[in-house]
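# Structural characterization, general
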Amino acid sequence: MAPRASWKGYLKLSLVSCPVRLYPATSSKDRITFNQLHKDTHNRINMKPVDPELGLVERSDLVKGYEYEDNQYVIIEPSDLDAVKIESNHTMNIEAFVDEESVDTIYLDTPYYLAPDGAMAEETFVVLREALRKSGKLAIARLVLSSRERVITISPRETGMFVCTLRNPNEVRGTAEYFGNIPVGEPDKEMLALAEQLIEQRSTEFDPKDYEDRYEIALMDMIKEKLKGHKPIVAAAPERGNVVNLMDALKASLSQQKPPAKSKSKGEAASKSAGKAATKSTAKKPARKKA
């Protein structure tokens, strides 16, 4: 079954356009989730809308309202939302191209995959994808998702394209409130050098498979034990140690790092195995004790 598109429309660059489909690039369906149950009946609780005056009400009786003053609302009908038509409702119109480094990661929000909508769109899609790839730039466009216009970045990814929505500037908090009291001065040079050595020793290639969700795994193990009727064994969190001198801690950390294991050549492995075999054959068997 083909995945369901979140959005369908046109990707447009100047006078060139092609129909495209947008798909969510991530999924949370495999995460462990819990339902709310009544403590006695273990029946699942239904969340029903309640009006302070009328009590329980039907969802079909609910309307959208915008609070323009305290407890004062203007009612927004579906026809009102439909009347708000802008180009990005159905078109990703590329407005500019920027360097990837110029987009601060704090603005990156939700990832999507972009694919051509039908065989007729493939040729134009490939031309735009490869032009974008050779430019080494990110395309900036706009898109309406969930009744809201979002600024997006577009970049080539394998045979398709990668789209990421960007947070609005008013959603991003400034740093002054959090970083204002952190000292700016230079750290101790020797401690800095030790910290750099520690970073160098632990440097490797990033592979997300190496960083599985240990809490999720522990949760599932606990659930399996509960299903078997066993009392789950929960590992205690490590206790916080005593405060130690920073210089001593850096030196101790470096001394604990093991050098990467060197792979042995076939010749070395063969000679060592042959030596072990010869030693075993020449070794005398211990005499049996008399009864």
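Residues numbered from 1 in each chain as written. Predicted model: local features only at pLDDT ≥ 70, side-chain atom pairs only at ≥ 80, totals over all residues. Heavy atoms only, no water.

### A look at helix H2 (residues 122–135)
For clarity, the cut-off: The helix count covers DSSP runs of H or I at least four residues long, the strand count covers runs of E at least two residues long, and both are numbered beginning at the N terminus. To estimate how far a helix should extend, the number of its residues minus one is multiplied by 1.5 Å.
Between its terminal C-alpha atoms H2 stretches 20 Å, which fits the 20 Å expected from 14 residues at 1.5 Å a residue. Gly136, located one to two residues past H2, shows a positive phi value of around 70 degrees.

### A closer look at unusual backbone geometry
Where we set the bar: Think of it in three bands: residues with accessible area under 20% of the maximum for their type are buried, residues over 50% are exposed, and the middle band is partly exposed, with areas taken using a 1.4 Å probe on protein chains only.
In this structure, Ser14 takes a positive phi of about 60 degrees despite not being glycine. Secondary-structure assignment places Ser14 in the loop between strand E1 (7–13) and strand E2 (16–24). Among the residues examined, Ser14 registers a relative accessible area of 55% and is labelled exposed.

### Digging into the pattern of salt bridges
Which entries qualify depends on this criterion: Put simply, a salt bridge is a Lys or Arg side-chain nitrogen that is within 4 Å of an Asp or Glu carboxyl oxygen.
For the structure on display, the rule yields 12 salt bridges. The closest approach of N and O atoms between Asp30 and Lys29, which form a salt bridge, is 3.4 Å. Given a relative accessible area of 68%, Lys29 falls into the exposed group. A salt bridge links Asp109 to Arg150; its shortest N-O distance comes to 2.7 Å. With Asp109 in strand E9 (residues 108–116) and Arg150 in strand E11 (residues 148–157), this residue pair connects regions lying 41 residues apart in the sequence. Several salt bridges share partner residues, and in doing so they unite Glu95, Arg142 and Glu149 into one network.

### A closer look at the side chain of Ser155
To be explicit about the condition: Whether two residues are in contact is decided by their heavy atoms, any of which lying within 4.5 Å being enough.
Note on placement: Ser155 falls in strand E11. Using a relative accessible area of 14% as the deciding quantity, one classes Ser155 as buried. Those residues in contact with Ser155 that sit more than four places away from it in its chain are Leu132, Leu138, Met161 and Phe162.

### Some points on helix H4 (residues 189–201)
One turn of an α-helix holds 3.6 residues; hence residues three or four places apart share an orientation. This is how it is decided: Under this definition, polar contacts are N or O atom pairs within 3.5 Å; protein pairs additionally need one hydrogen-donor-capable and one acceptor-capable atom, and for neighbouring residues in sequence, both atoms have to be side-chain atoms.
For H4, with 13 residues, the first-to-last C-alpha span of 18 Å sits near the 18 Å given by 1.5 Å per residue. The residue sitting at the N-terminus of H4 and contributing the capping side-chain oxygen is Asp188; that oxygen lies 3.0 Å from the backbone nitrogen of Glu190.

### Considering the packing of aromatic side chains
Cut-off, in case you're wondering: Between the rings of Phe, Tyr and Trp (Trp by its six-membered ring), a pair exists once the centres lie within 6.5 Å; its type follows the angle of the planes, with under 30 degrees stacked, over 60 edge-to-face, and the other angles tilted. Here, a charge over a ring is recorded when the distance from Lys NZ or Arg CZ to the ring centre is within 6 Å and its angle to the ring normal is within 35 degrees.
Following the criterion strictly, the structure yields one aromatic pair and no others. Seen in terms of ring centroids, Phe206 and Tyr211 are 5.6 Å apart; in terms of plane orientation they differ by 15 degrees. Their pairing is stacked. We classify Phe206 as exposed; its relative accessible area is 64%. For Tyr211, a relative accessible area of 53% corresponds to the exposed category. Here the basic side chain of Arg157 rests over the ring of Phe162, its NZ or CZ set 5.5 Å away from the ring centre.

### Thoughts on the nonpolar core
Under the convention used in this document: What makes a nonpolar core is a set of buried Ala, Val, Leu, Ile, Met, Phe, Trp, Tyr and Cys residues whose side-chain atoms join them at distances within 4.5 Å.
In this structure, Leu11, Leu22, Met92, Leu114 and Ile154 are the most contacted members of the largest nonpolar core, which totals 21 residues. Among the elements of the structure, E1, E2, E9, H2, strand E10 (138–145), E11 and strand E12 (160–166) are those that each provide at least two residues to this core. In contact with Leu22, other than residues within four places in its own chain, are Ala5, Ser6, Trp7, Met92, Tyr112, Tyr113, Leu114, Leu143, Leu145 and Val163. Among the nonpolar cores identified, the runner-up in size contains five residues, and Leu198, Met247, Leu250 and Leu254 belong to it.

### Comments concerning the packing of H4 against helix H6 (residues 246–256)
Selection criterion: Axes, fitted as lines to C-alpha atoms, cover a helix only where it is in contact. Angles between the N-to-C directions of the axes lie from 0 to 180 degrees. Oblique is the label for any angle not covered by the other classes, which are roughly parallel (under 35 degrees), roughly antiparallel (over 145) and roughly perpendicular (65 to 115). For any helix crossing, the convention is left-handed if the near helix is rotated counterclockwise from the far helix by under a right angle, and right-handed if that rotation is clockwise. By the convention adopted, Pro, Cys, Tyr, Trp, Phe, Met, Ile, Leu, Val and Ala count as nonpolar, Lys, Arg, Asp and Glu as charged, and the other residues, Gly among them, as polar.
Two elements in contact, H4 and H6, have axes separated by 10 Å at closest approach and are oriented at 25 degrees. By the angle class used here, H4 and H6 are roughly parallel. Two packed elements cross with a definite hand, and for H4 against H6 that hand is left-handed. The residues of H6 that touch H4, namely those facing Glu190, Met191, Leu194, Ala195, Gln197, Leu198 and Gln201, are Leu246, Met247, Leu250, Lys251, Ser253 and Leu254. Looking at side-chain class alone, the contact of H4 with H6 contains eight nonpolar, three polar and two charged residues.

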